[in-house]
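Spelled out from the first residue to the last, the chains are:
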Amino acid sequence: MKKVVKKNERVGIQIVEMDVEKLLKTLNQAYADEWIAYYQYWLCAKLVEGPMRTEVAAELAEHAQEEHKHATLLADRIVQLGGTPILKPEAWVKHAGCGYDATKHAYVQAVLEENIKGEQCAIKTYNSILAMVEGKDPVTYDIILSILADEIEHEHDLVRLLSSLKGIKLV
Ligand code: FE
Ligand code: FE
Ligand code: MG
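These figures come from a predicted structure and were not determined experimentally.

(A) Spatial organisation of the overall build of the chain. Counting its regular elements, the chain contains six helices and zero strands. Considering only intrachain contacts with a sequence separation of at least 6, the fraction spanning at least 24 residues in the chain is 77%.

Here it is, written out as structure tokens:
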């Protein structure tokens, strides 16, 4: 007879030295934020207008793909821990930690500033998740660390684009 390994018999879950339900809730919140970030970048890449439009749009489109990759990493870990990624898109906004600020202005400076704000929230969120799982769940720690490094790069990229843009305006 085939032996079915139950969720609570999985050593991979047992070694997590913290409340797995609480961890799943936190990971799902980050998962919701990633879908929102993906959509925001994806849409802004199409709408952005103004100087350096092509360059900014390319960077935004690239970030969209990277946020989508983060959503994938989080979903895989949630499933691995015995959880379910948020099933309904309408729940993304409800559960998001950083929330969704709909784009009000397509001008390049406003778009960059808006997205920088989003990245700064993401950096703070992932930094606090790292502290939460440190020494308790090395696999999640590793995943979150790689996402945090990407978010720091995103902030840096956008800040540099904004500086370049302001430089252009001063001439
Ligand atoms: Fe992300
Ligand atoms: Fe990001
Ligand atoms: Mg980039």
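From this point on, the discussion continues.
(B) Layout of the packing of helix H2 (residues 20-47) against helix H5 (residues 108-133). Interhelical geometry of H2 versus H5 gives an angle of 160 degrees and a closest axis separation of 11 Å. Between H2 and H5, the angle is such that the two are roughly antiparallel. Handedness of the crossing formed by H2 with H5: left-handed. Within the contact between the two elements, H2 uses Thr26, Ala30, Asp33, Ala37, Gln40, Tyr41 and Cys44 and H5 uses Val111, Asn115, Gly118, Ala122, Thr125, Ile129 and Met132.

(C) View of unusual backbone geometry. With a phi angle near 65 degrees, Met52 is a residue other than glycine that sits in the positive phi range. Owing to 17 C-beta atoms within 10 Å, Met52 belongs among the partly exposed residues under this scheme.

(D) Region of the structure containing H5. In a regular helix each residue adds 1.5 Å, so 26 residues correspond to 38 Å; H5 covers 37 Å between its end C-alpha atoms and thus fits that length. For H5, the set of buried residues is Val108, Val111, Leu112, Asn115, Gly118, Glu119, Ala122, Thr125, Tyr126, Ile129 and Val133. Residue Gly135 follows H5 closely and has a positive phi angle near 75 degrees.

(E) Representation of the environment of Ala131. Tracing the backbone shows Ala131 in helix H5. The spatial distance from the C-alpha of Ala131 to the C-alpha of Ala57 is 34 Å, given a sequence separation of 74 residues.

(F) Highlighting the environment of Asp150. Here Asp150 is to be found in helix H6 (residues 138-170). C-beta crowding within 10 Å serves as the criterion here: with 18 such atoms nearby, Asp150 is assigned to the partly exposed category. Between the C-alpha atom of Asp150 and that of Gly135, which follows or precedes it by 15 residues, the distance is 22 Å. Setting aside its immediate chain neighbours within four residues, Asp150 contacts Glu66 and His70.

(G) Looking closely at the packing of H2 against helix H3 (residues 53-80). Their axes nearest at 8 Å, the elements H2 and H3 cross at an angle of 160 degrees. The angle between H2 and H3 falls in the class roughly antiparallel. Considering how the two elements wind past one another, H2 and H3 form a crossing that is left-handed. Here the residues of the contact of H2 with H3 sort into 19 nonpolar, four polar and three charged.

How each quantity is defined
- Residues numbered from 1 in each chain as written.
- Chains lettered and ligands numbered in written order.
- Predicted model: local features only at pLDDT ≥ 70, side-chain atom pairs only at ≥ 80, totals over all residues.
- Helix = DSSP H or I, 4+ residues; strand = E, 2+ residues; numbered from the N terminus.
- Contact = placed C-beta atoms within 7 Å.
- Axes fitted to C-alpha atoms, helices over the stretch in contact; angles between N-to-C directions.
- Parallel < 35°, antiparallel > 145°, perpendicular 65-115°, else oblique.
- Left-handed = near helix turned anticlockwise from the far one by under 90°.
- Buried ≥ 20, exposed ≤ 12 C-beta atoms within 10 Å, placed from the backbone.
- Expected span 1.5 Å × (residues − 1).
- Nonpolar A, V, L, I, M, F, W, Y, C, P; charged D, E, K, R; others polar.

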